[in-house]
Amino acid sequence: MILLLILALPVIFMYLFHKNRKAAKPLLPPGPPGLPLIGNLHQFVTPTNLHIHLWKLSRKYGSLMHMKLGPVPVLVVSSAKLAKEVMKTQDSVFCSRPKLLGQQKLSYNCLDIAFSPYSDYWKEMRKVSVVHLFSIKKAQSFRPIREDEISRMVAKIQALASSSDRVVVNLSEMVTDLATTLICRIAFGTRYDERGSESRRFNKLVRDAQAAMADIYVSDYYSLFSWVDKLTGKLAHLDATWKSLDMFYQELIEDHRHRNRPKTLEEEEEEEDILDILIRLKEQNVLSSNLTWDHVKAMLMDIFIAGIDTSTASIIWTMTALMKAPDVMKKVQIEIRELVGRKGKVDEVYIQNLPYLRAVINESLRLYPPIPLIPRETMEDCILEDYKIQAKSMVYVNAWAIARDPEYWEDPDTFFPDRFLNCDVDIKGHHFGVLPFGSGRRICPGIYMGLANVELTVANLLYSFDWELQSGMQEQDIDTDSLPGITVLKKNPLLLVPKKRV
Ligand code: HEM
């Protein structure tokens, strides 16, 4: 019996060893090997098109990829199936945001919505904002501003087009000016002269803020080495950016509070800009804890940061895609021109009767999502695809890669708007193969305002002009390189020749 036991021991050991290995299975997902101490930090800092770099890595390592930024675990999600798991099935686990120094500083320690971690505060603030700032009704109330600003831009291009036979227009610059003026009027009711000093000041503030937020700080990954950010001057720069922004917000607030506008309550509510609404909410004490001026400023920051570049990027990528696909351009122009006839401009009422224009914009937002890497953070330990995922892991949902998921899309790399016709796939977070606005609890609340800006601008550009490339250029010469940043803009300006319709 003892001999039998001795003989059986190695077998029992082998069994237990294998069993334990199996039980320990929830391993980390595969991913590219990192370097000692820094992990994969070098792979995040160097490439300009980070989303494309990560997409290429995911083709080698899989649609769930594990990396490390210093000691911080990072997950990259690159398939529609996994995006559904992260943004729907396990949304309650994946719905926080990483706390990063630049974003934390400029959002008054996360008193905004976009960079605030998931918490009761975020829930309350988001609820109030969705009702008062981001509702469909509120987005519609800004219609006269949109129509006015877009008409001004079209008139400017018309004047240029009439001035010589083949004038080249920097459409990227025109559209950036438009998106900035639109947001300034919507957010604080002021129309800056596009080339005036106040406009230059505002543009610089927004650019500096975008850069400071997208910057990588050593302190985010190694608190022990936070002195490095001091030494490199990054902290001082961040502080200076915050101070300039703070002064700007303060001036706007003072100006709004001392504005003399004797009007009825209804008139006031109808004409309120976003800052008016925020001041009213502060005075009415709508949150369980008091709103302070810092809360108001943090929310203003969200509107500037989230509203300007996303609209600019969407419009410019759509025009870029159309210039590369002249047949699609012709088809959508025919649709718009047949509906609007000789009215002279496209009013917002027409938009819902332009299904092909909608399909064109959907397809462009699929292939060129303005925020290609959607940042999230896990709230607690969880299991994803049999892998063990740690609490406080940074998560990037790669919307750019997902749009190229061959399991979800036929011929995914082709710009083919017809795929959105006569089908129920929408871009508002219900279908996980196309996520320009994200999905789940953190889905973009500015979706109606954003889409209204993009649709009306593109419709008018296509209605009013025929667009040609500069002499000697072919469709295939138009590049799609992008600038680094949270919102991805086209790197090289889109230079086109507008031909006024006769
Ligand atoms: C075409 C234009 C726009 C695009 C493509 C876009 C895209 C996005 C995306 C991808 C997110 C992250 C969603 C997620 O985590 O699931 C987001 C969040 C957000 N967006 Fe937009 N956005 C646009 C316009 C706007 C506008 C006009 C505003 C406000 C004026 C806005 C305000 C916000 C805010 C406040 C958040 C944070 C939401 C939260 O964390 O709870 N966005 N947006």
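In this text, all values refer to a predicted model and were calculated from it rather than measured experimentally.

(A) View of the environment of glycine 31. The residue glycine 31 is located in the loop between α1 (2-23) and α2 (41-45) in this model. The exposure class assigned to glycine 31 is buried, which follows from the 22 C-beta atoms found within 10 Å. Each C-alpha atom, one on glycine 31 and one on leucine 75, is 9.1 Å from the other, the two residues being 44 residues apart in sequence. The contacts of glycine 31, once residues within four sequence positions are left out, are Tyr61, Met65, His66 and Met67.

(B) Representation of the packing of helix α15 (residues 293-324) against helix α17 (residues 355-367) in the model. Where α15 contacts α17, the axes come no closer than 9 Å and their chain directions differ by 100 degrees. As summarised for this structure, α15 and α17 are arranged roughly perpendicular, according to the angle between their axes. Residues Ser314, Trp317, Thr318, Ala321 and Leu322 of α15 pack against Val360, Ile361, Ser364, Leu365 and Leu367 of α17. Looking at the contact of α15 with α17, its residues break down into seven nonpolar, three polar and no charged.

(C) Structural detail: the UniProt feature "binding site: heme" (unreviewed entry) in the chain. Following the UniProt record, one finds the feature "binding site: heme" (unreviewed entry) at Cys444. With respect to the helices and strands, cysteine 444 occurs in the loop between α18 (399-402) and α19 (447-464). Beyond its immediate stretch of four places on either side in the chain, cysteine 444 contacts Phe437, Gly438 and Gly450.

(D) The site of the ligand, seen in detail. Not every one of the 25 residues close to the ligand is listed here, only the nearest: Thr310, Gly438, Cys444, Gly446 and Gly450. Within the residue set of the shell around the ligand, elements represented by two or more residues are α15 and α19. In terms of residue count, α15 provides more of the shell around the ligand than any other element does, seven residues in total. Grouping the constituent residues of the shell around the ligand by class yields 14 nonpolar, eight polar and three charged.

Here is what the cut-offs are and how they apply
- Residues numbered from 1 in each chain as written.
- Predicted model: local features only at pLDDT ≥ 70, side-chain atom pairs only at ≥ 80, totals over all residues.
- Helix = DSSP H or I, 4+ residues; strand = E, 2+ residues; numbered from the N terminus.
- Buried ≥ 20, exposed ≤ 12 C-beta atoms within 10 Å, placed from the backbone.
- Contact = placed C-beta atoms within 7 Å.
- Axes fitted to C-alpha atoms, helices over the stretch in contact; angles between N-to-C directions.
- Parallel < 35°, antiparallel > 145°, perpendicular 65-115°, else oblique.
- Nonpolar A, V, L, I, M, F, W, Y, C, P; charged D, E, K, R; others polar.
- UniProt positions renumbered as here; feature names shortened; annotations may be inferred.
- Near = placed C-beta within 6 Å.

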